[in-house]
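Read off the chains here:
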Amino acid sequence: MGYGIPVIASNIREIRDIVIDKELLFEVGDSESLCKILTLILQNIETHRKYSEGKKAEVLAKYSWDSTAKVLEGLIRKLVNG
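Residues numbered from 1 in each chain as written. Predicted model: local features only at pLDDT ≥ 70, side-chain atom pairs only at ≥ 80, totals over all residues. Heavy atoms only, no water.

**A few points about the environment of leucine 75**
Phase 1 of the analysis: For leucine 75, the position within the fold is in helix H5 (residues 65-81).
Phase 2 of the analysis: For the pair leucine 75 and isoleucine 45, spaced 30 residues apart in sequence, the C-alpha to C-alpha distance is 42 Å. (Helix = DSSP H or I, 4+ residues; strand = E, 2+ residues; numbered from the N terminus.)

**Digging into H5**
Phase 1 of the analysis: The terminal C-alpha atoms of H5 lie 24 Å apart, and with 17 residues this matches the ideal 24 Å at 1.5 Å per residue to within 8%.
Phase 2 of the analysis: Summarising burial for H5: one of the 17 residues are buried, a small minority.
Phase 3 of the analysis: Positive backbone phi, approximately 80 degrees, marks glycine 82, located one or two places after H5. (Expected span 1.5 Å × (residues − 1). Buried < 20%, exposed > 50% of the residue type's maximum accessible area, 1.4 Å probe, protein only.)

**Considerations on the pattern of salt bridges**
Phase 1 of the analysis: Across all of its chains, the model carries three salt bridges by this definition.
Phase 2 of the analysis: The partner of arginine 49 in a salt bridge is glutamate 46, and the shortest N-O contact between them spans 2.8 Å. Highlighted residues: arginine 49 and glutamate 46, both in helix H3 (residues 45-50), separated by three residues, approximately one helical turn.
Phase 3 of the analysis: Among the residues examined, arginine 49 registers a relative accessible area of 45% and is labelled partly exposed. (Salt bridge = Lys/Arg side-chain N within 4 Å of Asp/Glu carboxyl O.)

**Remarks on a nonpolar patch on the surface**
Phase 1 of the analysis: Taken together, the side chains of Val71, Leu72, Leu75, Ile76, Leu79 and Val80 make up a nonpolar region of the molecular surface, amounting to roughly 640 Å² of accessible area.
Phase 2 of the analysis: Mapped onto the secondary structure, valine 71 falls in helix H5. (Patch = residues over 30% accessible without salt bridge, like charges linked within 9 Å, V, L, I, M, F, W, Y side chains within 5 Å. Areas by Shrake-Rupley, 256 points an atom, 1.4 Å probe, with all protein chains shown as cover.)

**Here we look at helix H2 (residues 31-43)**
Phase 1 of the analysis: For H2, spanning 13 residues, the distance from its first C-alpha to its last is 18 Å, which sits close to the expected 18 Å at 1.5 Å a residue.
Phase 2 of the analysis: Along H2, the positions that sit buried rather than exposed are Ser33, Ile37 and Ile41. Along the axis of H2, the buried positions cluster into a sector of 65 degrees, meaning they face one direction only. Of the exposed residues in H2, those oriented more than 90 degrees away from the buried face are Ser31, Glu32, Lys36, Leu42 and Gln43.
Phase 3 of the analysis: On its buried face, H2 sits against strand E2 (25-26) and H3. (Arc of directions from axis to C-beta. Contact = heavy atoms within 4.5 Å.)

Here it is as structure tokens:
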């Protein structure tokens, strides 16, 4: 996501929680769904752009070192201060 590449992945909790574009998730074992998503991305340049560069800034803001450090700092403060 942060590299400007669409993320196509299995719809399992661990992945679903971090992937922004839920439309690009396919059910485990559903090869037809995977094929449809791959075809959509590979055959339509505008759709490819939408799911690549369009989300890059959002991902970089959410998962940057600065934002991660702020979340971690908040957790540590909660633990220390009770």
